[in-house]
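# Examining the three-dimensional arrangement
The lines below spell out each chain.
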Amino acid sequence: MKLQDISLTLPHKPSASLRISALFPGTSMSTSNFADSLPDITAALPPSSTLLVFLNGLILPRSSWFEAISRFLRIRDKQRRRSSTSSSYSSSSSSSSNTGSKTGTGIGTVPEKNGSHGNTSMSATAAAGESAYENGLHVPEIMKIPNILTYDRFGQGASDPDPSDPDPAVDDTPYGHTPEDVVDDLHQMLLLVSRQFLARDLKELDVVIVANSIGCPLARLYNGRYFPDVQVVGYLFLDSMMANSDFVSVFPDPEAPGFDPAKDLREGVDEEALRWTRKQFREKFHPSVGDPERLDRRGLRGLLPFSDKPRLRLPVDEQDQGTTREGARKRIALPRVIVIGHDWDVFAENNEKGPMSIPKAVINGYMNPAWQRYNEGLTRLAAVDSESDGDQNVVPVKIAKGCGHFIQKDDPEMVAREVDLLLRRLGL
């Protein structure tokens, strides 16, 4: 994948550079080396009002998305060529028949394969075929390649350290910028990109966020902090970090006064295994543990204490409801949220074989069920009715079969197809 690498300087942090990789079809920055799958057409593509933004977790940099993005572009380009050919054929057929009516674009709705209730398990094979698609998709008459952006946050990957962090030569604290700082940086970056590269106001763009791990709570904070100044119409959450957890208390404490082995020990788990697991998670994942990025996570639980609220919001001008933007689609009344979790067995095996050496029975007995409950809450972030169990805007949690925590790395093909599916659901 060959997105164009760009160095940005944000106006509120002029002493540091932020590294992004981007694709802006139909703009002056469109060159043939952006994507292997689109060698000759990128510059000639029509500009898009959709901006697809990929948010990293704590560990993997922006390059972790490259393969999924490359595969997504291949999918989109194939659909674009089909829609273009079908539209031309349909127009020609309509003209020659002189009926004065038009029956469609030639791309019908793809049959639904996934169930509408309960969790959906996805394998790479299933994701590679039509089973990733569902009824009710709006297929634009002209399938566009969206603007794409992925970046390394300050202190991560190829980007400079955050200039607001303490000087490590003077202050060796592991804590620096906060999650609020990160979403402020994100907003300033999107404002700059929209003006400088897309020649648009950010409010004019349909933003879709794809995030992994801590990127998911950061996306939620972004909505809460910058609503209604930006229109985020869709979210794809890949194994979201449990923002309201300290990762230690997920496992019962054998030393706690109320600990009851008969009730608190899961099958195949003993007290020593719990002590070991709690120690490992406290040392490596507790919010007080620092990280190379110097992102201070200690206040995250207070910012997002629940997985199902605050709800994600989308600004809609009541006077514009039922109209179309650029004559292409109806305005979106609610954002769409898709939640994908890791494969329980793969995640448990990774923890057992990894440096923490945590028995699979412990992860499957405590961590995986807690994570599943958290993910189920995330699916309701854009619910029409927070009390209804039959809400059509709530899509059940999907399980990425064969994937651990880094889903975009373990199955980029599945991620590519889920991104495409989300955009198609939104009519983008």
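As a reminder, the structure under discussion sits directly above these lines.
Residues numbered from 1 in each chain as written. Predicted model: local features only at pLDDT ≥ 70, side-chain atom pairs only at ≥ 80, totals over all residues. Heavy atoms only, no water.

### Here we look at the packing of aromatic side chains
Inspection of every chain in the model, using the stated rule, returns eight aromatic pairs. Between Phe251 and Phe281, the ring centres sit 5.1 Å apart and the planes meet at 45 degrees, which makes this aromatic pair tilted. Here Phe251 is found in the loop between strand 7 (232-240) and helix 5 (261-264), whereas its partner Phe281 is found in helix 6 (residues 271-284), with 30 residues between them in sequence. No difference in accessibility class separates Phe251 from Phe281, as the two residues are buried. When the ring of Phe251 is compared with that of Tyr366, the centres are 6.2 Å apart and the planes differ by 65 degrees; the resulting orientation is edge-to-face. A residue pair is termed long-range when its members are at least 10 positions apart, and Phe251 in the loop between strand 7 and helix 5 and Tyr366 in helix 9 (residues 360-378) qualify at 115 residues. (Phe/Tyr/Trp six-rings, centres within 6.5 Å; stacked < 30°, edge-to-face > 60°. Helix = DSSP H or I, 4+ residues; strand = E, 2+ residues; numbered from the N terminus. Buried < 20%, exposed > 50% of the residue type's maximum accessible area, 1.4 Å probe, protein only.)

### Some points on the side chain of Ser213
Along the chain, Ser213 falls in strand 6 (residues 206-213). A residue is classified by how much of its surface remains accessible, and Ser213, at 7% relative accessible area, is buried. A polar contact of 2.9 Å, which involves the side chain of Ser213, links it to the side chain of His405. Setting aside anything within four residues of it in sequence, one finds Ser213 in contact with Gly57, Leu238, Asp239, Ser240, Met241 and His405. (Polar contact = N/O pair within 3.5 Å; in protein donor to acceptor, adjacent residues only side chain to side chain. Contact = heavy atoms within 4.5 Å.)

### Re helix 6
Since one α-helical turn is 3.6 residues long, residues separated by three or four positions face the same way. Compared with the 20 Å implied by 1.5 Å per residue over 14 residues, the 20 Å span of helix 6 between its first and last C-alpha is a close match. The complete set of buried residues in helix 6 reads Ala273, Leu274, Thr277, Arg278, Gln280 and Phe281. In an axial view of helix 6, the angular spread of the buried residues amounts to 165 degrees, which keeps them on one side of the axis. Summarising the contacts, the buried residues of helix 6 are in contact with helix 8 (344-353) and helix 9. (Expected span 1.5 Å × (residues − 1). Arc of directions from axis to C-beta.)

### Regarding the packing of helix 8 against helix 9
As a packed pair, helix 8 and helix 9 sit with axes 9 Å apart at the nearest point and diverge in direction by 130 degrees. When the axis of helix 8 is compared with that of helix 9, the two are oblique. Helix 8 and helix 9 meet at a crossing whose hand is right-handed. On the side of helix 8, the interface is formed by Trp344, Asp345, Phe347, Ala348, Glu349, Asn351 and Glu352, while helix 9 contributes Lys360, Ile363, Asn364, Met367, Asn368, Pro369, Trp371 and Gln372. Considering only residue class, the contact of helix 8 with helix 9 consists of seven nonpolar, four polar and four charged. (Axes fitted to C-alpha atoms, helices over the stretch in contact; angles between N-to-C directions. Parallel < 35°, antiparallel > 145°, perpendicular 65-115°, else oblique. Left-handed = near helix turned anticlockwise from the far one by under 90°. Nonpolar A, V, L, I, M, F, W, Y, C, P; charged D, E, K, R; others polar.)

### Some points on the pattern of salt bridges
Opposite charge on two side chains lets them pair, provided their charged atoms get close. Going through the model one piece at a time under the given rule, you end up with 18 salt bridges. Its salt-bridge partner being Lys13, residue Asp185 comes within 3.1 Å of it at the nearest N-O pair. With Asp185 in helix 3 (residues 179-196) and Lys13 in the loop between strand 1 (4-8) and strand 2 (18-23), this residue pair connects regions lying 172 residues apart in the sequence. Accessibility classification places Asp185 together with Lys13 in one group, the buried group. (Salt bridge = Lys/Arg side-chain N within 4 Å of Asp/Glu carboxyl O.)

### A word on the packing of helix 6 against helix 9
Two numbers describe how helix 6 lies on helix 9: the axes approach to 11 Å, and their chain directions differ by 65 degrees. Put simply, helix 6 runs roughly perpendicular to helix 9. In this structure, the crossing between helix 6 and helix 9 has a hand that is right-handed. Only Val362, Ile363, Tyr366 and Met367 of helix 9 make contact with helix 6, whose side of the interface consists of Ala273, Leu274, Thr277 and Phe281.

Any functional reading would require information that these geometric values do not contain.
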